[in-house]
Amino acid sequence: MVLRNNRHYLEAADEDLLQRLCDDPDVAASLAGSQAQTIGTEGTQSIEISSLRVETVKAAAHRLGLPLLQEYEYGQDRTDRNPQLSAVLRPCATLRPYQQRALSTMFAVDGVAKSGIVVLPCGAGKTLLGIAACVRVKRRCLVLTSTAVAVDQWRRQFLMWTTIPPEDVYVLTSEQKVPIDDPEGRACILISTYSMLGFGGKRSGDAELVLTQIQQLEWGMLVVDEVQVMPARTFRSVATTVKSHCSLGLTATLVREDNLIYDLHWLIGPKLYEASWQQLQEDGFIARVRCVEVWCEMSPVFFAEYLRAEDREAVLRRALWTCNPNKLKVCEYLIRFHEQRGDKTIVFSDNIFMLEEFAKRLGRYYICGKVDMRERMQILSSFQESPSCNTIFLSKVGDNAIDIPNASVIIQISSHFGSRRQEAQRLGRILRPKPRTQGNGSTSRFNAFFYSLVSRDTQEMYYSNRRQQFLVEQGYNYHVLRDHSVERMASGDLAYAGENAELQLLKLVLESVKRGEGAEEDDVALHDTGNSRRAPAAQDREERVDIASLSGGLDGSYTVATSVVKTK
């Protein structure tokens, strides 16, 4: 499939092959005009299709076993519709060997860009890879990512690593809607979110103008960050409504808990390159992470309430195992332990009630869906730069597309059922390469730590096992630790120590469930939240799919550690 003069064409050197594809009812209904015209160009047969039916045609071709290859001969593109981008990589932008291998796969033929997906671990430089691809094509490029925070990060990275003038980098979010100046005559970079382009409701006048410009322009490349989000029903149309010559998908986790992950083969393209997590760790390009699963006994009063709750009261049961006082005591102990070491710690919780309650109780900052963008940026800046802010609490808005390079510890107290993608994305927040020497001057084999706190004898144990499958396939080991093995857990100065504190917490948990407070909706992390306040409770669901062939090998191990955590 090629894009020429803002029109889509099917091209093939074999006329019979092209005819076989056009005989399919879905493709036949997509041919432009009442009678398709066949034009011979350089020995190929070309048939125009309706640009509104691109997704249907791609799906039909994939179903017939005739996947469409989408390449862009940017070296031969001399048309006025695609002015050259005035940007090159700065001398300080040095690509690592695996980044060069990924680019060489995409640009295997000189002057030709191939569409497809590149899979790199979090913190391995996907943003720089996407930027390098854009400046190599040297045409206007559209970058899609999941949050407004990520949009700002991409903008800053473009200005840091390339010579592009700041006025040629545009952003489209709920708070910034600047129309493109001279869209036909000057190339630019436009960065936006899935939700801004996929939103189907009424828009403001400025947003509608920019969206019209995006749809009318011919883009050299579409860069899709966190490409695993693209197959969602709300966003999949973006891949075909934007008229781009080629597409580059970037992700660390080619994983979804549904079968829609396979649609990326024809929405974006095949997998071009995938790096080994363990190899990059051995080479020092990503951090060495110690993964620990802490089994926390349920508090007697919480466990009694858990057993009384019937199966249909899934929300209550989930809230009880999430807010288990013993789990929170372990979390508080680990926070103190790592703060004394000088580590930067992120506590993840999908349960918004517990996120706010626990953060306020400990006097720490928190970020969730209802926190506006300006406050989010201030908190993240303080976390990265201030020595007095060493721990922050995040909801699922921090799962992906957020850059916190100095974070070295993750503590997970609540998660989204058995989501393998979320487990890997959260671990990715601490994968940025770090020195072997820790904040206290000691050296260790590991320089980052990932703790998953699980309430024993509850359904959370089952979900935890499912969540770990992707990382185990990447070569990570989970070391199991029981909460009673952790020293000083009986300390009376912990926030939820003592029977009275537990009973008071149980009362607050039951009241929050009655009010409908719980986890954020799945798409909260994908929306610009400048106008949103509180997300409704998420619906329980569990879907299964075997995607091991896409995400890695089937080897891995699960070991039990008997060592005791000690303070330094």
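Brief notes about the nonpolar core
Reasoning step 1: F107, I191, M221, V289, I346, L427 and Y476 are the most contacted members of the largest nonpolar core, which has 80 residues in total.
Reasoning step 2: A total of eight residues in this core trace back to one element, the largest contributor, which is helix α5 (residues 126-137).
Reasoning step 3: Each residue touching L427, except ones within four places of it in the same chain, is listed here: W277, V289, C291, F450, L471 and Y476.
Reasoning step 4: Core analysis: the second largest hydrophobic core is formed by 46 residues, F353, L362, F449 and L505 among them.

Considering the environment of R53
Reasoning step 1: Following the sequence through the fold, R53 ends up in the loop between β4 (44-49) and α3 (54-63).
Reasoning step 2: Sequence separation between R53 and D26 is 27 residues; the distance between their C-alpha atoms is 9.1 Å.
Reasoning step 3: If we ignore the near neighbours within four places in the chain, the residues touching R53 are D26, A29 and S30.

Considerations on helix α20 (residues 499-514)
Reasoning step 1: For α20, with 16 residues, the first-to-last C-alpha span of 23 Å sits near the 22 Å given by 1.5 Å per residue.
Reasoning step 2: The secondary structure elements touched by the buried residues of α20 are α12 (300-308), α13 (314-322), α14 (325-341) and α15 (352-362).
Reasoning step 3: Remark: G516 follows α20 within two positions and exhibits a positive phi of approximately 85°.

Brief notes about the packing of aromatic side chains
The geometry of an aromatic ring pair comes down to the distance between the two centres and the angle between the two planes.
Reasoning step 1: Scanning the entire structure with this criterion turns up 16 aromatic pairs.
Reasoning step 2: Measuring from centroid to centroid gives 5.6 Å for F358 and F393, while their planes differ by 75°, and the two rings are edge-to-face. Of the two residues, F358 sits in helix α15 while F393 sits in strand β17 (residues 391-394), which places them 35 residues apart along the sequence. Each member of the pair F358 and F393 is classed as buried.
Reasoning step 3: A cation over a ring is seen here: R361 above Y496, with NZ or CZ 4.7 Å from the ring centre.

Points about the state of the cysteines
Reasoning step 1: Counted under the stated rule, the structure contains zero disulfides.
Reasoning step 2: Here C246 stays free of any disulfide, with the sulfur of C141 as its closest cysteine sulfur at 7.7 Å.

So, how was this worked out
Residues numbered from 1 in each chain as written. Predicted model: local features only at pLDDT ≥ 70, side-chain atom pairs only at ≥ 80, totals over all residues. Heavy atoms only, no water. Core = buried A, V, L, I, M, F, W, Y, C linked by side-chain atoms within 4.5 Å. Buried < 20%, exposed > 50% of the residue type's maximum accessible area, 1.4 Å probe, protein only. Helix = DSSP H or I, 4+ residues; strand = E, 2+ residues; numbered from the N terminus. Contact = heavy atoms within 4.5 Å. Expected span 1.5 Å × (residues − 1). Phe/Tyr/Trp six-rings, centres within 6.5 Å; stacked < 30°, edge-to-face > 60°. Lys NZ or Arg CZ within 6 Å of the ring centre and 35° of its normal. Disulfide = S-S within 2.5 Å.

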